Amino acid sequence: MAVILLEISELEGKKAPRGEVTLVGAGRLGLRTALNLMQIHRGGPERINVIDGQRVSADDLIFRLMGATPGEYKVKFIESLATPGFSRTVRGIPEYIDRDNLHLLGGDVVCVEIAGGDTLPVTAEIIKYAQKMGCATISTMGVFGIGEEDVNAISIEEADPGNPIVEYLLDEGVTDHLLVGTGKLIRDWEPVTPYVLDRVSEVMTAEILKLLRRKLG
C-alpha cells in the first residue's frame with residue numbers, strides 16, 4: 001500500500017501546474033479563455049497573464065453576472081478571482097498592447113483574442129515579437145456565428161488564404177502560427193453569440209494546453 005501511495009504521489013507531482021500563458025485581450029472571449037485556464041485541475045499553466053486596457057461596460061453582461069463593477073478594468077477583475085491561496089499566479093495588466101509596449105509579452109504561449117476596429121496590424125506585431133522571444137502563438141480567425149458553424153484549429157500554412165485574417169498575416173510574414181475560430185467575420189451576416197464564444201474558448205484552451213505541452217515537454 002505504501003508503494004502505491006508513493007507512486008500516486010509521484011504522479012500527482014507530475015500533474016502540477018507548469019509554464020506561463022499570456023492572453024492578449026480580455027473581452028467576452030478572453031474572459032472565457034482565462035476562466036477555462038484558471039479552472040483546469042491537475043495541470044495547466046502555473047502563471048497566467050492577461051493584458052487589456054478595457055474597462056467593464058454596461059453591455060459586458062458576462063462580467064457583471066460574475067460580480068464585476070462597470071468601470072473597473074477587466075483584467076483586474078480577472079486577477080481578483082485568484083484569491084489568496086489560489087494555486088496559480090494570475091496577473092492582470094491594464095494596458096492596450098501596441099508597438100511601444102510589446103515588452104509586456106512573454107511566457108511559453110501567447111494567445112491573441114483582441115477585437116474592435118482594425119486589430120490586424122497589432123496582432124501581426126504581437127505574433128512576430130512573441131515568436132522572436134521564443135513563445136508559441138495562437139490567435140482567432142473569426143468568431144461570428146449562430147451555432148451551426150464548426151470551430152476549427154488550423155496552422156496558418158493550411159488555413160484558407162481567402163480569409164482576410166489569414167491573408168494579412170501571411171503577407172506580414174507570419175508562419176508557424178495557430179488559428180482558431182469559425183472563419184465568420186464582421187463582413188458576414190451572423191452576430192457573435194455567447195454559445196459560439198463558449199465553443200471557441202473551449203477549442204482555444206485545448207490548443208493552448210497542447211502548445212504548452214510541446215514547449216515544456
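Structure: above.
We now turn to the structure provided with this report. (Residues numbered from 1 in each chain as written. Predicted model: local features only at pLDDT ≥ 70, side-chain atom pairs only at ≥ 80, totals over all residues. Heavy atoms only, no water.)

**What to know about the side chain of Arg32**
Consideration 1: Considering the arrangement of structural elements, one finds Arg32 in helix α2 (residues 28-39).
Consideration 2: From its side chain, Arg32 meets the backbone oxygen of Arg28 in a polar contact 3.0 Å long. (Helix = DSSP H or I, 4+ residues; strand = E, 2+ residues; numbered from the N terminus. Polar contact = N/O pair within 3.5 Å; in protein donor to acceptor, adjacent residues only side chain to side chain.)

**So, the environment of Asp171**
Consideration 1: Residue position: Asp171 is located in helix α6 (residues 164-171).
Consideration 2: Of the residues examined, Asp171 reaches a relative accessible area of 61% and is grouped as exposed.
Consideration 3: Sequence separation between Asp171 and Ala124 is 47 residues, and the spatial gap between their C-alpha atoms is 9.8 Å. (Buried < 20%, exposed > 50% of the residue type's maximum accessible area, 1.4 Å probe, protein only.)

**Brief notes about the nonpolar core**
Consideration 1: Judged by nonpolar contacts, the single largest core of 33 residues is most densely connected at Leu23, Ile78, Val109, Ile138 and Ile208.
Consideration 2: When contributions to this core are tallied by element, the ones reaching two or more residues are β1 (20-24), α2, β2 (47-51), α4 (74-80), β4 (109-112), β5 (136-140), β7 (178-181) and α7 (194-216).
Consideration 3: Here the element with the most residues in this core is α7; it accounts for 7 residues.
Consideration 4: In this structure, Val112, Ile126, Ala130 and Cys135 belong to the second largest nonpolar core, which totals 13 residues. (Core = buried A, V, L, I, M, F, W, Y, C linked by side-chain atoms within 4.5 Å.)

**Structural notes on the packing of aromatic side chains**
Consideration 1: Counted under the stated rule, the structure contains 1 aromatic pair.
Consideration 2: Here the guanidinium or amino end of Arg55 rests over the ring plane of Tyr73, the centre of that ring lying 3.9 Å away. (Phe/Tyr/Trp six-rings, centres within 6.5 Å; stacked < 30°, edge-to-face > 60°. Lys NZ or Arg CZ within 6 Å of the ring centre and 35° of its normal.)

**Things to note about the packing of helix α5 (residues 120-132) against α6**
Consideration 1: It is at 10 Å that the axes of α5 and α6 come closest, and there the two elements cross at 50°. Relative to α6, α5 is oriented oblique. For the element pair α5 and α6, the recorded crossing hand is right-handed. Counted together, Leu120, Pro121, Thr123, Ala124 and Ile127 of α5 and Pro164, Ile165, Tyr168 and Leu169 of α6 form the full contact between these two elements.
Consideration 2: Residue classes in the contact of α5 with α6 are distributed as 8 nonpolar, 1 polar and no charged. (Axes fitted to C-alpha atoms, helices over the stretch in contact; angles between N-to-C directions. Parallel < 35°, antiparallel > 145°, perpendicular 65-115°, else oblique. Left-handed = near helix turned anticlockwise from the far one by under 90°. Contact = heavy atoms within 4.5 Å. Nonpolar A, V, L, I, M, F, W, Y, C, P; charged D, E, K, R; others polar.)

**Quick notes on the pairing of β7**
Consideration 1: Of the two faces of β7, both are covered, the one formed by Leu178 and Val180 as well as the one formed by Leu179 and Gly181.
Consideration 2: One ladder, built from 3 bridges, connects β5 with β7; its direction is parallel. Directly across from Ile138, in β7, lies its bridge partner Leu178.
Consideration 3: With 4 bridges joining them, strand β6 (residues 152-155) and β7 adopt antiparallel strand pairing. The residue of β7 that forms the bridge with Ile154 is Leu179. (Pairing = 2+ DSSP bridges.)

**Section: the pattern of salt bridges**
Consideration 1: Considering all chains together, one arrives at 10 salt bridges under this definition.
Consideration 2: For the salt bridge of Glu125 with Arg99, the shortest nitrogen-to-oxygen distance reads 3.6 Å. Here Glu125, found in helix α5, pairs with Arg99, found in the loop between β3 (89-93) and β4; they are 26 residues apart in sequence, far enough to count as distant.
Consideration 3: For Arg99, a relative accessible area of 58% gives the class exposed.
Consideration 4: Put simply, Glu20, Glu46 and Arg47 are held in one network by salt bridges that share partners. (Salt bridge = Lys/Arg side-chain N within 4 Å of Asp/Glu carboxyl O.)

**Topic: the side chain of Thr182**
Consideration 1: The topology assignment puts Thr182 in the loop between β7 and α7.
Consideration 2: In this structure Thr182 comes out as buried when scored by relative accessible area, which is 14%.
Consideration 3: A polar contact is formed between the side chain of Thr182 and the backbone oxygen of Phe144, at a distance of 2.7 Å.
Consideration 4: There is a polar contact of 3.1 Å between the side chain of Thr182 and the backbone nitrogen of Lys184.

**Looking at the packing of α2 against α7**
Consideration 1: Two numbers describe how α2 lies on α7: the axes approach to 9 Å, and their chain directions differ by 50°. One element, α2, and the other, α7, form an angle in the oblique class. α2 and α7 meet at a crossing whose hand is right-handed. On α7, the residues touching Arg28, Leu29, Arg32, Thr33, Asn36 and Leu37 of α2 are Pro194, Leu197, Asp198, Val200, Ser201, Glu202, Met204, Thr205, Ile208 and Leu209.

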